[in-house]
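# Working through the structure, step by step
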Amino acid sequence: MIWVIGSKGMLGQEVVRQLESLHLPFVQTGREVDITKYDSLNDFAKSVETSSYFPSKLPREHRQIKWIINCAAYTEVDKAEDEEAAAMAVNYEGALNIARLSRQIGAKLIHISSDYVFDGKASSPYTEDSPKNPLGVYGRSKSEGEDAIKKEMNLYYIIRTSWLYGFNAKNFVYSILDKMKENDSVKVVNDQKGCPTFAGDLAGVIIKFIEKSENAKSLFGKNKAPSYGIYNYSNEGETTWFDFASEIYKQAKKHGRIKNNCEITGCSSGESEAKAQRPQYSVLSKEKIMKELKIKIPSWQSSLERFIKNSKF
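Below, the structure is looked at part by part. As the structure is a computational prediction, the values presented were derived from the model and not from experiment. Starting from 1, residues in each chain are numbered consecutively following that chain's sequence as written. Side-chain atom pairs in this predicted model are given and counted only at pLDDT of 80 or more, local residue features only at pLDDT of at least 70, and totals for whole chains, interfaces and linings cover all residues. Calculated side-chain values reflect all of the structure's heavy atoms, with hydrogen atoms and water omitted.

## Section: unusual backbone geometry
Even without being a glycine, His23 presents a positive backbone phi close to 60°. Secondary structure follows DSSP: runs of H or I at least 4 residues long count as helices, runs of E at least 2 residues long count as strands, and numbering of each begins at the N terminus. Counting through the fold element by element, His23 comes out in the loop between helix 1 (10-21) and strand 2 (26-29). Each residue is placed in one exposure class: buried if its accessible area under a 1.4 Å probe, protein chains only, is under 20% of its type's maximum, exposed if it is over 50%, and partly exposed if it falls in between. In this structure His23 comes out as exposed when scored by relative accessible area, which is 70%. Positive phi is not limited to glycine here, since Asn168 has a value of about 60°. Note on placement: Asn168 falls in the loop between strand 6 (164-165) and helix 6 (172-182). Asn168 sits in the exposed class, given a relative accessible area of 60%.

Below is the structure:
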């Protein structure tokens, strides 16, 4: 049994959709289970593994939670500067509680982290072993969440990602398209470099970790399970927010999602209205995940086009 925590969020919804399409057994929770309280998590886990959640005819071995996917997160980067306690409660204490529960019930954990654990002063892609140095509250809360998991348990996959966008939730692609539809010109930051990530691609990778681990035939060789630890994942390539916005406009025009003309101009981070400091460079190296999962990662441009073609505006 797979438990998806944060199933109503952008990534959580995508994970659920793909689990359903693959007919994999899972349960899902949103805010009705408070991850900042260990007892809330524990009570739900007990209800799943007893007859109080599923019909009693379901064999107990099928009710056992073997995997927990934590998609829950406080993601308001600017708000976090004023709401440090709220950000830490979800991203640090929540991660700690989930890790503690995972260890107690013998479940493996997949946890989503962020490129914001880095300070952005690098000039080449960050590896999983690059030193962390978050700039703001949000980045620090995600970094401390990672550390809590590492101290609490061993059977985990932490996946750092960047510039996430997807269906049915507020994200940069939808926000910038709304601005383009309403204005003749839009300003976008052009001095921060990273890589967008389509939530559908990330969800597929999350499930790939589970499938590869469950189907592993040995600890070594071709069919071995992916090594536990930290992984980076985004789409391939690198870009600036300005170039990302320009490609969004190009693809939206191509597929008839936007009718009017809009000029996109660049501005510096200092000219933006953002309260929290962002990493200037947060490109993630994906060599480890490609090697361990034996996957090819799509370019950010191709994933963006796929998203825009299938979005309802």
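## A word on the state of the cysteines
When two cysteine sulfur atoms are found within 2.5 Å, that pair is recorded as a disulfide. Applying the stated rule across the entire model yields zero disulfides. No disulfide involves Cys71; its nearest neighbouring cysteine sulfur is the one of Cys195, lying 20 Å away. The class of Cys71 is buried, set by a relative accessible area of 15%.

## Section: the packing of helix 8 (residues 241-254) against helix 10 (residues 300-310)
Between two packed helices, the angle of one axis relative to the other and the distance separating the axes together describe the packing. Where helix 8 contacts helix 10, the axes come no closer than 10 Å and their chain directions differ by 45°. The orientation of helix 8 with respect to helix 10, classified from their angle, is oblique. Considering how the two elements wind past one another, helix 8 and helix 10 form a crossing that is right-handed. From helix 8, Asp243, Phe244, Glu247, Ile248, Gln251, Ala252 and Lys254 reach across to helix 10, where they touch Trp300, Gln301, Leu304, Glu305 and Ile308. The residue makeup of the contact of helix 8 with helix 10, split by class, is six nonpolar, two polar and four charged. Angular values range over 0 to 180 degrees, each being the angle between N-to-C directions of two axes fitted as lines to C-alpha atoms, with helices fitted over their stretch in contact. Orientation categories follow fixed angle ranges, with anything under 35 degrees roughly parallel, anything over 145 roughly antiparallel, 65 to 115 roughly perpendicular, and all other angles oblique. A crossing counts as left-handed when the near helix is turned anticlockwise from the far one by less than a right angle, and as right-handed when that turn is clockwise. The contact definition used throughout considers only heavy atoms, calling two residues in contact when any of these lie within 4.5 Å. Basically, the charged four are Asp, Glu, Lys and Arg, the nonpolar ten are Ala, Val, Leu, Ile, Met, Phe, Trp, Tyr, Cys and Pro, and anything else, Gly included, counts as polar.

## A look at the sheet that holds strand 5 (residues 156-161)
Strands are treated as partners if at least two bridges between them are detected by DSSP. Strand order in the open sheet formed by six strands is 2-1-3-4-5-10, and the pairing between neighbours is parallel. Of all the strands in the sheet, just strand 2 and strand 10 (229-232) have a single pairing partner and so form its edges. Between one strand axis and the next, the sheet turns through 20° on average, direction left out of account. Looking at chain direction, strand 3 (residues 67-70) and strand 4 (residues 108-114) are connected through four bridges and run parallel. Its bridge partner being in strand 4, Ile69 is matched across the sheet by Ile110.

## Considerations on the pattern of salt bridges
Here, a salt bridge means any Lys or Arg side-chain nitrogen found within 4 Å of an Asp or Glu carboxyl oxygen. Evaluation of the coordinates by the stated rule reveals 15 salt bridges. The residue Glu238 makes a salt bridge to Lys193 at a minimum N-O spacing of 3.8 Å. Of this pair, Glu238 sits in the loop between strand 10 and strand 11 (239-240) while Lys193 is found in strand 8 (residues 193-194), placing the two residues 45 residues apart along the sequence. Look at Glu238 and you get partly exposed, because its relative accessible area is 38%. Residue Lys193 is classed as partly exposed on the basis of its relative accessible area, which comes to 32%. Residues participating in the shared-partner salt-bridge network are Lys132, Glu146, Asp147 and Arg160.

## Side note on the packing of aromatic side chains
Centres within 6.5 Å make a pair out of two Phe, Tyr or Trp rings, where for Trp the six-membered ring is used; the pair is then stacked when the planes are under 30 degrees apart, edge-to-face when over 60, and tilted otherwise. Tallying each qualifying case throughout the model produces 21 aromatic pairs. Taking the centre distance of 5.7 Å and the plane angle of 85° together, the rings of Phe167 and Phe198 count as edge-to-face. With Phe167 in the loop between strand 6 and helix 6 and Phe198 in strand 9 (residues 197-198), this residue pair connects regions lying 31 residues apart in the sequence. Its relative accessible area of 6% is what places Phe198 among the buried residues. Among the aromatic residues, those joined into a cluster by ring pairs are Trp163, Tyr165, Phe167, Phe172, Tyr174, Phe198, Trp241, Phe244, Trp300 and Phe307. Any Lys NZ or Arg CZ that is within 6 Å of a ring centre and within 35 degrees of that ring's normal is treated as a charge sitting over the ring. The aromatic ring of Tyr38 is capped on one face by Arg100, whose charged end is 3.7 Å from the ring centroid. A cation over an aromatic ring shows up here: Lys288 above the ring of Tyr231, its NZ or CZ 4.3 Å from the ring centre.

## A word on the environment of Ile176
Note that Ile176 resides in helix 6. The exposure class assigned to Ile176 is buried, which follows from its relative accessible area of 4%. Taking C-alpha positions, Ile176 is 8.7 Å from Tyr249, a pair spaced 73 residues apart along the chain. When residues no more than four places from it in sequence are discounted, the contact partners of Ile176 are Val186, Val188, Ala245 and Ile248.

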